[in-house]
Amino acid sequence: MNNQAITAPLLEDLRLFCVVARKNSFAESAKELGASPAYVSKRIALLETALGVRLFHRTTRRVVMTEDGGNVHDWARRILDDVDQMMETVSSPKQVPRGLLKISTSFALGRKYVSPLLSAFARLHPALRIQLELFDRQVDMINEGFDLDIRVGPVHEPHLFAKRIISSQRVLCASPDYLTRHGAPEILSDLTRHQCLVIRERNQSFGIWRMMGPKGAETVKVAGGLASNHGEIIHQWAIDGHGIILRSIWDVASSLEDGSLARVLPDYSQEADLCAVYPLQLKNSAKVRECVRFLQKHLDVYAR
């Protein structure tokens, strides 16, 4: 592109550019932004003209950042983070949360508990726009553009901050029908001879169950005829009598209460605290702070 006198780009165009960089598509970016693909294409073209560089290689199906686009993206994220942090810093602590709050969590937790609570939270903060996305994988918060991730288990990423919402644990369960047909395991190593319903979910190692019991930390390798990456599917298969599961107590509490599942090896459990996770630069964000406080207050009932 021709070198021109550089005019300052609009902040909203930089935000739009960051969405396109993440989605690699004008059409998908337009869906997220609630705009038309033509509008997104026009704003990117204006940003390219303002900066005097080409930001994307365009094809019929997707767009790919150029080398200049990658450099602009790094700067844009820093600029936008600084602007957001400035607004949070100078705002009154009592100012109502506003803007977009993007939240991710797992399917079971999101559907059963987080989404109803966010509905109530949204009514308290009408100036806040909330976007909730559910995954049975761990998200890349920075590159996927999330402000808050509600997850089970420890946080290892150095650029993320974690605040515990509730203390919880995973427990072993099976249906009474399964236990009648196959017997109940008496020691942890007995699980190797049972059908175990294995899940590839977020922070859990596939087929390796690390438990705390009377002898301290123990590990057992399990397997079975059915496996999935979706926690609710595994839960239902256990109710159907297909094997033993390891699930968070909040997830199986109702099934234990109604008798469709029963605890197995009740002296064993796995630590599974529920945490609110967010990028370090959002540590003082009003919208994140208020949402985490609300979840801490209302999710505590599910720790049991």
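The shown structure was predicted, so the numbers you read here are calculated from the model rather than taken from an experiment. (Residues numbered from 1 in each chain as written. Predicted model: local features only at pLDDT ≥ 70, side-chain atom pairs only at ≥ 80, totals over all residues. Heavy atoms only, no water.)

What follows is about the overall build of the protein chain. Along the backbone of the protein chain there are ten helices and 15 strands. With respect to the three principal axes, the spread of C-alpha positions in the protein chain is 80 × 45 × 30 Å. By residue count, 43% of the 304 residues in the protein chain fall in the buried class. When contacts within the protein chain are restricted to residue pairs at least 6 apart in sequence, long-range pairs at least 24 apart make up 74% of them. Here the protein chain has roughly 15,800 Å² of accessible surface; of this, 53% comes from carbon and sulfur atoms. Of the charged side chains in the protein chain, 39 are positive and 34 negative; the average position of the first set lies 3 Å away from that of the second. (Helix = DSSP H or I, 4+ residues; strand = E, 2+ residues; numbered from the N terminus. Buried < 20%, exposed > 50% of the residue type's maximum accessible area, 1.4 Å probe, protein only. Contact = heavy atoms within 4.5 Å. Areas by Shrake-Rupley, 256 points an atom, 1.4 Å probe, with all protein chains shown as cover. Lys, Arg positive; Asp, Glu negative; His and termini not counted. Charge placed at Lys NZ, Arg CZ, Asp CG, Glu CD.)

Scanning the entire structure with this criterion turns up six aromatic pairs. An angle of 45 degrees between the planes, with centres 5.4 Å apart, marks the rings of Phe-161 and Tyr-278 as tilted. Taken together, the residues span a long stretch of sequence, with Phe-161 in strand 6 (residues 160-166) and Tyr-278 in strand 15 (residues 274-279) at a distance of 117 residues. By relative accessible area, which is 24% here, Phe-161 ends up partly exposed. Grouped by ring-pair contacts, the aromatic residues Phe-17, Phe-26 and Phe-56 constitute a single cluster. A cation over an aromatic ring shows up here: Lys-102 above the ring of Phe-146, its NZ or CZ 4.8 Å from the ring centre. (Phe/Tyr/Trp six-rings, centres within 6.5 Å; stacked < 30°, edge-to-face > 60°. Lys NZ or Arg CZ within 6 Å of the ring centre and 35° of its normal.)

Right, let's get into unusual backbone geometry. Positive phi values are uncommon outside glycine, yet Asn-24 reaches one of about 55 degrees. Given a relative accessible area of 25%, Asn-24 falls into the partly exposed group. Here Leu-265, not a glycine, exhibits a phi torsion of approximately 45 degrees, which is positive. Within the element layout of this structure, Leu-265 appears in the loop between strand 13 (262-264) and strand 14 (270-271).

According to the stated counting rule, one finds 16 salt bridges in the structure shown. As a salt-bridge pair, Asp-149 and Arg-151 come within 2.9 Å of each other at their nearest N and O atoms. Across the pair, exposure class does not vary: Asp-149 and Arg-151 are buried alike. A single network of salt bridges, built from pairs that share partners, joins Arg-22, Lys-23, Glu-32 and Lys-102. (Salt bridge = Lys/Arg side-chain N within 4 Å of Asp/Glu carboxyl O.)

When we look at burial in helix 2 (residues 26-33), the residues that qualify are Phe-26, Ser-29 and Ala-30. Seen along its axis, helix 2 keeps its buried residues to an arc of 100 degrees; they face one direction. On the buried face of helix 2, the contacting elements are helix 1 (11-23), helix 3 (37-51), strand 1 (56-58) and strand 2 (63-65). A side-chain oxygen of the first residue of helix 2 lies 3.3 Å from the backbone nitrogen of Ala-27; this N-cap is Ser-25. Positive backbone phi, approximately 70 degrees, marks Gly-34, located one or two places after helix 2. (Arc of directions from axis to C-beta. Polar contact = N/O pair within 3.5 Å; in protein donor to acceptor, adjacent residues only side chain to side chain.)

With respect to the helices and strands, the residue His-194 is situated in the loop between helix 7 (176-182) and strand 8 (198-199). Taking the relative accessible area as the measure of exposure, His-194 reaches 11% and is therefore buried. What His-194 contacts, discounting residues up to four positions off in sequence, is Tyr-178, His-182, Gly-183, Ala-184, Pro-185, Ala-223 and Ile-244.

There is a patch of nonpolar side chains on the surface, built from Leu-11, Trp-75 and Ile-79 and spanning about 300 Å² of accessible area. Here Ile-79 is to be found in helix 4 (residues 67-90). Overall, Ile-79 belongs to the partly exposed group, its relative accessible area being 35%. (Patch = residues over 30% accessible without salt bridge, like charges linked within 9 Å, V, L, I, M, F, W, Y side chains within 5 Å.)

Where strand 3 (residues 99-105) and strand 4 (residues 128-134) come together, seven bridges link them in parallel fashion. Paired with Ser-104 across the two strands is Glu-133, which belongs to strand 4. Considered for its hand, the β-α-β crossover made up of strand 3, helix 5 (residues 107-124) and strand 4 is right-handed. (Pairing = 2+ DSSP bridges. Right-handed = clockwise from strand over helix to strand, strands pointing away.)

Taken together, the five strands give an open sheet; going across it, the order is 4-3-5-15-6, and neighbouring strands pair in mixed fashion. With partners counted over all chains shown, the strands left at the sheet margins are strand 4 and strand 6, one partner each. Looking at each pair of strands side by side, their axes are set apart by 25 degrees on average, direction ignored. As paired elements, strand 6 and strand 15 share six bridges and run antiparallel to each other. (Axes fitted to C-alpha atoms, helices over the stretch in contact; angles between N-to-C directions.)

Take the confidence of the model for the protein chain next. Mean pLDDT over the protein chain works out to 86, with 90% of the residues at or above the 70 mark. For the stretch residues 1-5, pLDDT sits under 50, and the model shows nine contacts to residues farther than four places along the chain or on other chains. (pLDDT = per-residue confidence, 0-100.)

Along helix 9 (residues 249-258), the residues that are buried comprise Ile-249, Trp-250, Asp-251, Val-252 and Ser-255. For helix 9, the secondary structure elements touched by its buried residues are helix 5, strand 5 (148-152), strand 7 (169-174), helix 8 (231-239) and strand 12 (245-248). Downstream of helix 9 by a residue or two, Gly-259 has a phi angle that is positive, lying close to 85 degrees.

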